[in-house]
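# Fold and contact review
Residues per chain are reported as follows:
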Amino acid sequence: MSDRRNDFSQGSIPRNIMDLAVPMTAAQLVNVLYSVVDRVYLSRLSSTDSLALTGLGVCMPIVSILMGFANLCGTGGAPLCSISRGRGDDREAERVMGNAFLLLLILGGASTAFFLALKEPVLLLFGASPDTLPYADGYLSIYLWGTLFVMISLGMNPFINAQGFGRTGMMTVLLGAVVNLVLDPVLIFGLGMGVRGAALATIFSQGLSAAWVMAFLTGKKAILRLRRTDIRLEAGRTKKIVSLGLSGFFVNMTNSLVQVVCNATLQRYGGDTYVGVMTIINTIREVFIMPVQGLTNGSQPVEGYNYGARLYSRVRQAVRFTVGVTVGYSALFWAAAMLFPGALIQVFKSEPAILEAGVPAMRIYFAMFLFMSLQIAAQGAFVGLGRAKQSIFFSLLRKAAVNAPLTLILPLWMGTTGVFAAEAVSQLVGGAACFTTMYFTLYRPLGRLEDGAAA
């Protein structure tokens, strides 16, 4: 019998979304904060500060790939759980969760073994120089041993949020973030471990977060429990999880692809200084895009639940609310990036060379940020309603089909400026295409369905 707690078919749609989105956003902001603090600390390491920061930047594509595997399971399984809950089938939702958990363990173990075996050649391929390789290798050598912790905390936390326990999901991230913030200065400076200390602090904190997630999902407070009998792969469910989860996976994979191409191109045309600039810009983007992603993630359980319950007018209301708030917030960030790029960069570095290169680069990079926010909101709606094909297509379009090729082509005429211009063009093309498609193939057709009618 279905558990009707956290019933998203009742009450105000904006309130239902914000009850999930606010704690999720707060948690994600803190999560990004401790990643930022890692980079700020590393940027203060004596005379080699820029090399340490750049070395960490080279590791980011690999971290993004590992997060992609977590998203494959989390963003693939959690929306399916929400839709099943809306239909009143909690047992199917639990089976999906168990299937996703085992898939997560398999992918985590395989990716750890792969990167441990091929660590140095992969780092060199991803843009490490002889000077930055020791820092990148030092960080990654420790970080990889905590891959399963990272993947469980990231990949299974969406199943807590999908049940409507936004504050519990927030605590997953806050627990790891607070511990990381405490350990960072102790390990990096106090024990003199440098980049290795930053990596060790991260995996220890993520281990605590993973333990918190598992304790909740196997405990009595959860609506959907992770049961040993459900931890098995079943072909039909695995296919659905992977199909839908490929959207989030390709977001991370294509981000990694573009980061690799950007780092290699910037290293060729501008050297370590420009790789460092890109690391700073990516960090700023991570911080300011979190509220957009938090809102989108908070809307997905509400959209999926009401879609499963065939309450299509409430689904449309959720989409409208998410898009409106997303655009409003993104406009504020865009203004800050255009007006105060130097102040944002100086949070990390105040060297004249970094500022000289970074200020114009940042204005170009974020010129079309509003369109990227539209893509995030539209793609979130596709994922929330289980539309796998559309979400996968637009995940690949912006980064793989537009951004990566332009990152290689434009610098032939524009030098390093072409790398940052490629991002702006991809934001415009990908965002406009994704949002327009969502409006005409999802939002408007739902308006022609009556509540309670078959989808």
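First things first, this report covers the structure right here in the doc. Just so you know, these numbers come straight off a predicted model, no measurement behind them. (Residues numbered from 1 in each chain as written. Predicted model: local features only at pLDDT ≥ 70, side-chain atom pairs only at ≥ 80, totals over all residues. Heavy atoms only, no water.)

### Observations regarding the overall build of the protein chain
Note the threshold: Helix and strand assignments come from DSSP, with helices taken as H or I runs of at least 4 residues and strands as E runs of at least 2, each series counted from the N terminus. Using a 1.4 Å probe on the protein chains alone, a residue whose accessible area is under 20% of its type maximum counts as buried, one over 50% counts as exposed, and one in between counts as partly exposed. For this analysis, residues touch if any pair of their heavy atoms sits within 4.5 Å. A 1.4 Å probe and the Shrake-Rupley method give the accessible areas. Residues count as covered only by the protein chains that appear here.
When you go through the protein chain residue by residue, the secondary structure sums to 17 helices and zero strands. Among the 455 residues that make up the protein chain, the fraction classed as buried is 59%. Put simply, 84% of the contacts in the protein chain that link residues at least 6 apart link residues at least 24 apart. When the accessible surface of the protein chain is summed, it comes to about 17400 Å², and 66% of that surface belongs to carbon and sulfur atoms.

### Focus: the environment of Gly342
Following the sequence through the fold, Gly342 ends up in helix H12 (residues 341–345). The sequence separation of Gly342 and Pro360 amounts to 18 residues, and the corresponding C-alpha distance is 9.3 Å. Once you skip the residues sitting within four places of it in the chain, Gly342 turns out to touch Leu355 and Val359.

### What about the environment of Arg310?
With respect to the element layout, Arg310 can be found in the loop between helix H10 (272–308) and helix H11 (312–339). A relative accessible area of 40% means that Arg310 is categorised as partly exposed. With 12 residues separating them in the primary sequence, Arg310 and Thr322 have C-alpha atoms 19 Å apart.

### Some points on the packing of aromatic side chains
To keep it simple, the criterion reads: For Phe, Tyr and Trp, where Trp contributes only its six-membered ring, two rings pair if their centres lie within 6.5 Å, and the inter-plane angle classes them as stacked under 30 degrees, edge-to-face over 60, or tilted in between. Two thresholds decide whether a charge sits over a ring: the Lys NZ or Arg CZ must be within 6 Å of the ring centre and within 35 degrees of the ring normal.
This structure, assessed with the given rule, holds 13 aromatic pairs. Taking the centre distance of 5.1 Å and the plane angle of 80 degrees together, the rings of Phe114 and Phe115 count as edge-to-face. With relative accessibility at 5%, the residue Phe115 sits in the buried group. Taking 5.0 Å as the distance between ring centres and 90 degrees as the angle between the ring planes, the aromatic pair formed by Tyr439 and Phe440 counts as edge-to-face. Given the relative accessible area of 48%, Phe440 is considered partly exposed. Arg316 extends its terminal NZ or CZ atom over the ring of Tyr443, reaching a point 4.1 Å from the ring centre.

### What to know about the state of the cysteines
What counts, and what does not: Disulfide assignment relies on a single distance test, namely cysteine sulfur atoms paired within 2.5 Å.
Counted by the stated rule, this structure contains zero disulfides. Sulfur of Cys73: no disulfide; nearest cysteine sulfur belongs to Cys81 and is 12 Å away.

### Describing the environment of Ala318
Within the secondary structure, Ala318 sits in helix H11. Classification of Ala318 by relative accessible area gives buried; the value is 0%. For the pair formed by Ala318 and Ala235, sequence separation is 83 residues and the distance between their alpha carbons is 32 Å. In this structure, Ala318 is in contact with Ile13, Ile17 and Glu303, ignoring residues within four places of it in sequence.

### Some words on the packing of helix H6 (residues 147–161) against helix H8 (residues 195–217)
Put simply, the rule reads: Note on geometry: axes are lines fitted to C-alpha atoms, helical ones only across the stretch in contact, with angles between N-to-C directions running from 0 to 180 degrees. Left-handed is the label given to a crossing in which the near helix is rotated counterclockwise from the far helix by less than a right angle, and right-handed is the label when the rotation is clockwise. In this classification, the charged set is Asp, Glu, Lys and Arg, the nonpolar set is Ala, Val, Leu, Ile, Met, Phe, Trp, Tyr, Cys and Pro, and all remaining amino acids, among them Gly, are polar.
Packing of H6 against H8 brings their axes to within 8 Å, and their N-to-C directions diverge by 35 degrees. Taken as a pair, H6 and H8 cross one another with a handedness that is left-handed. For the pair H6 and H8, the contacting residues are Phe149, Val150, Ile152, Ser153, Met156, Asn157 and Ile160 in the first and Ile203, Gln206, Gly207, Ser209, Ala210, Val213, Met214, Phe216 and Leu217 in the second. Its residues placed into classes, the contact of H6 with H8 shows 11 nonpolar, five polar and no charged.

### Digging into the pattern of salt bridges
Rules: The term salt bridge refers to a side-chain nitrogen of Lys or Arg lying within 4 Å of a carboxyl oxygen of Asp or Glu.
Applying the stated criterion to the full structure yields nine salt bridges. With its nearest N and O atoms 3.1 Å apart, the salt bridge here joins Arg227 to Glu94. Highlighted residues: Arg227 in the loop between H8 and helix H9 (235–269) and Glu94 in helix H3 (residues 90–117), separated in sequence by 133 residues. The residue Glu423 makes a salt bridge to Lys399 at a minimum N-O spacing of 3.2 Å. You can see Glu423 sitting in helix H17 (residues 416–447) and its partner Lys399 sitting in helix H15 (residues 388–409), a full 24 residues away along the chain. Residue Glu423 shares its accessibility class with Lys399, and that shared class is buried.

### Structural notes on the side chain of Gln379
Secondary-structure assignment places Gln379 in helix H14 (residues 369–384). Each residue touching Gln379, except ones within four places of it in the same chain, is listed here: Ser247, Val251, Ser391, Phe394, Ser395 and Cys434.

### Some details on the nonpolar core
How we decide: Here, nonpolar core means buried Ala, Val, Leu, Ile, Met, Phe, Trp, Tyr and Cys residues that are tied together by side-chain atoms lying within 4.5 Å of each other.
Counting residues in each nonpolar core, the largest one holds 61 residues, and the members touching the most others are Met97, Leu123, Tyr143, Met156 and Leu217. Broken down by secondary-structure element, the contributors of at least two residues to this core are helix H2 (49–86), H3, helix H4 (119–125), helix H5 (133–143), H6, H8 and H9. No other element matches H2, which puts 14 residues into this core.

### Let's talk about H6
Given 3.6 residues per turn, any residue in an α-helix points the same way as the ones three and four places further on. Test applied: One less than the number of residues in a helix, times 1.5 Å, gives the span that helix is expected to have.
An ideal rise of 1.5 Å per residue puts 21 Å on 15 residues; H6 measures up with 22 Å between its terminal C-alpha atoms. The element H6 is extensively covered by neighbouring structure, given that 11 of its 15 residues are classed as buried. All of the buried residues along H6 are Thr147, Val150, Met151, Ile152, Ser153, Gly155, Met156, Asn157, Phe159, Ile160 and Asn161.

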